[in-house]
Amino acid sequence: MPKNVLFDTLRDGSRGREDAVFARLPDGTTLSFDAFFDGAARMAAALVRNGLKPGDRIAAQVAKTMQALQLYVGAVMAGGVFLPLNVAYKTAELDHFITDAAPTIFVCDPEAEPAIRALTDARILTLDPCGRGSLTAAAQTATPMPPLARGGDDLAAILYTSGTTGKPKGAMLSHRNLASNSRTLAQIWQFTPDDVLIHALPIFHTHGLFVATNVALIAGASLIFQPGFDAAAVLSAMPQATALMGVPTFYTRLLQQDGLAEAAHNMRLFISGSAPLLADTHAQWGAVTGHQILERYGMTETNMNTSNPYEGARRPGTVGLPLPEVDLRLTDGKGTPVPPDTPGIVEVRGPNVFQGYWNLPEKTAEELLPDGFFVTGDIGQFDDAGYLQIIGRAKDMVISGGFNVYPKEVEALIDDVPGVMESAVIGVPHPDFGEAVIAIVVPDAADAVTEGMITDAIAPELARYKQPKRIELVNALPRNTMGKVQKNLLRQQYAGLFR
Ligand code: AMP
């Protein structure tokens, strides 16, 4: 059979154990590896029958179902480029993706079909939140097809970055990018066929689609497949599971559940990523469950870059060490390394790093340097053991009166003040200073803390120019579906504070 690099890698994990359970579904039924791949091969045939040619894009804006996961693998088998879209995007926002990526096939919820049809000439197939629709119907009557040949450099997917500034950019990910990273992760996190992973992440993002799904397939492990994150459902799955992958919000919400310690008793591994895990959450989790959460760091463009070790110290507030085959350096953002013990822009190189931004050669040339390093835009620093700390995004750095302020440093101090749950430090326009540092703070409970108490607590620890000129107390910080605080929204909201 011809080689299809990503598919072969995913398929090999369960070879010889085709009858074993791959997924336990929300309705209580199970699906074997054989049934999963048979469904994917039918999807592939249905896509080809609907006009898909190798290299064509298949856009999918669909609810999280097992059929949607089979669509991803089917697209890879058919030689297509899978383009998952956040279900939160409104129809009007889809225009950019459709114009930019020009998909041949668009898979959407049946209810969205008329609106999508008005936007595109692409062939439209449907898939509803129960896994039914014209796509499933076409797959059921199709003859399963073998995978088409695809090499390591061929594209397997385009994932649009969340685009907090400007329009979302399509990150082109090759078969080699995805296969190599998932293989590495399965190895370093010691996944085996005995593992049962709770899958409660969305599958339009690199975390749930590639990290969780690919790692499980490559290891021949099984999934407890949940349609979304529900803390009680995750908790009740734990006694049958061995591993959980989540964003930090999963862990803070689970800590509010009764019975966590007992439920987590037989678990092997808790992994966190996609946003910074508070050291406090790490400590509380350890105290309640006896497990140290393993934090890792990556992004749409690069897959995963670093991880705390499976064996050895998992350091809170750090994202660990570079993965095997990943070169990582801290620079001025133009390839010149910063001196040791200094924060710098994280740059990474390795088989995991994407092929560039779709249709954006100039943007690609700015961020993908001639020596192969990708300028991530994150600011990092190594601690005394060589573990990487992510201090923030370069574009979140505040320049107040000509001085650089790293929000994370100020946030860490504020978060330590008794009565504070969490905080976000941002810069807003200021007539004298250019930008002023302000802090948006969520108290543990109403009246748990005042602006004055926070100011008094942090002032002795912080140079004057880093101290917030205003502290706003709020009930919650705005977060996106991956648990990331949306500082762009806060900057907009407070832009007029000093004008
Ligand atoms: P995305 O492309 O949506 O996965 O977002 C990637 C960005 O999330 C990175 O560039 C980081 O800014 C952030 N990120 C991911 N994992 C972590 C982590 N463990 N700690 C801090 N920031 C993280």
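Structure first, text after, so check above.
Small disclaimer: the values here were computed from a predicted structure and weren't measured.

Trainee: I'd like a rundown of the site of the ligand, residues and numbers included.
Mentor: Inspection of the region around the ligand gives 16 residues, with Glu295, Arg296, Thr300, Asp378 and Lys484 positioned closest. Arg393 is positioned such that a nitrogen or oxygen atom in its side chain is 3.1 Å from an oxygen atom of the ligand. Only β13 (294–299) and β19 (388–393) provide two or more residues apiece to the shell around the ligand. Among the elements that line the shell around the ligand, the one with the most residues is β13, at five residues.

Trainee: Quick one: what's the story with unusual backbone geometry, residue by residue and with numbers?
Mentor: What is expected of a backbone is that most residues other than glycine have negative phi and most peptide bonds are trans. In this structure, Ala102 takes a positive phi of about 45° despite not being glycine. By the element assignment, Ala102 lies in the loop between α4 (91–101) and β5 (105–108). A positive phi angle is found at Glu325, which is not glycine, with a value near 75°. Tracing the chain through its elements places Glu325 in the loop between β15 (321–322) and β16 (327–331).

Trainee: Give me the nonpolar core: which residues, what numbers.
Mentor: Formed by 115 residues in total, the largest nonpolar core has its most connected members in Val107, Phe191, Met238 and Met245. Once you skip the residues sitting within four places of it in the chain, Val107 turns out to touch Ile58, Ala59, Ala60, Gln61, Val62, Leu71, Leu125, Thr126, Leu127 and Leu135. Core analysis: the next-biggest nonpolar cluster, separate from the first, contains 19 residues, Val81, Phe97, Phe106 and Tyr160 among them.

Trainee: Give me the lowdown on the sheet that holds β15, citing residues and values where you can.
Mentor: Across the sheet, which stays open at both edges, the nine strands sit in the order β2-β1-β10-β9-β11-β12-β13-β14-β15 with mixed pairing between neighbours. In the strand order of this sheet, the two ends are held by β2 (30–32) and β15, each with one partner. Where strand β9 (residues 196–199) meets strand β11 (residues 243–246), two bridges bridge the pair, whose relative direction is parallel. Residue pairing in the sheet places Leu197 in a bridge with Ala243 of β11. With respect to the sheet, helix α3 (residues 66–77) is in contact with β1 (21–24), β2 and β10 (222–225), its orientation differing from that of β10 by roughly 135°.

Trainee: An account of the packing of helix α2 (residues 33–49) against helix α6 (residues 134–141) is needed here, citing residue identities and associated values.
Mentor: The relative placement of two packed helices is expressed as an angle between their axes plus a distance between the axes. Interaxial distance between α2 and α6 falls to 8 Å at its minimum, and their mutual angle equals 105°. Relative to α6, the element α2 is oriented roughly perpendicular. Residues Arg42, Met43, Ala46, Leu47 and Arg49 of α2 form the contact with α6, whose participating residues are Leu135, Ala138, Ala139, Gln140 and Thr141. When its residues are assigned to classes, the contact of α2 with α6 shows six nonpolar, two polar and two charged.

Trainee: Describe helix α12 (residues 279–289), and please don't skip the residues or the numbers.
Mentor: For α12, the full list of buried residues reads Thr281, His282, Trp285, Gly286 and Thr289. What you see down the axis of α12 is that its buried residues fit within an arc of 135°, all on one side. Downstream of α12 by a residue or two, Gly290 has a phi angle that is positive, lying close to 80°.

Trainee: Which residues make up the pairing of β19, and what values do they have?
Mentor: The two faces of the sheet receive side chains in turn, since in a regular strand these alternate between them. The pairing of strand β18 (residues 374–382) with β19 spans five bridges and is antiparallel. Paired with Ile379 across the bridge in β19 is Gly392. Linkage of β18 to β19, two consecutive antiparallel strands, is achieved through a turn of five residues, within which Gly386 is found at a positive phi near 80°.

Trainee: Describe helix α8 (residues 206–219), with residues and values.
Mentor: Taking burial as the measure, the 14 residues of α8 include 14 buried ones, the bulk of the element. Once α8 finishes, Gly220 follows within two positions and takes phi at roughly 70°, a positive value.

Parameters at a glance
- Residues numbered from 1 in each chain as written.
- Predicted model: local features only at pLDDT ≥ 70, side-chain atom pairs only at ≥ 80, totals over all residues.
- Heavy atoms only, no water.
- Near = heavy atom within 4 Å.
- Polar contact = N/O pair within 3.5 Å; in protein donor to acceptor, adjacent residues only side chain to side chain.
- Helix = DSSP H or I, 4+ residues; strand = E, 2+ residues; numbered from the N terminus.
- Core = buried A, V, L, I, M, F, W, Y, C linked by side-chain atoms within 4.5 Å.
- Buried < 20%, exposed > 50% of the residue type's maximum accessible area, 1.4 Å probe, protein only.
- Contact = heavy atoms within 4.5 Å.
- Pairing = 2+ DSSP bridges.
- Axes fitted to C-alpha atoms, helices over the stretch in contact; angles between N-to-C directions.
- Parallel < 35°, antiparallel > 145°, perpendicular 65-115°, else oblique.
- Nonpolar A, V, L, I, M, F, W, Y, C, P; charged D, E, K, R; others polar.
- Arc of directions from axis to C-beta.

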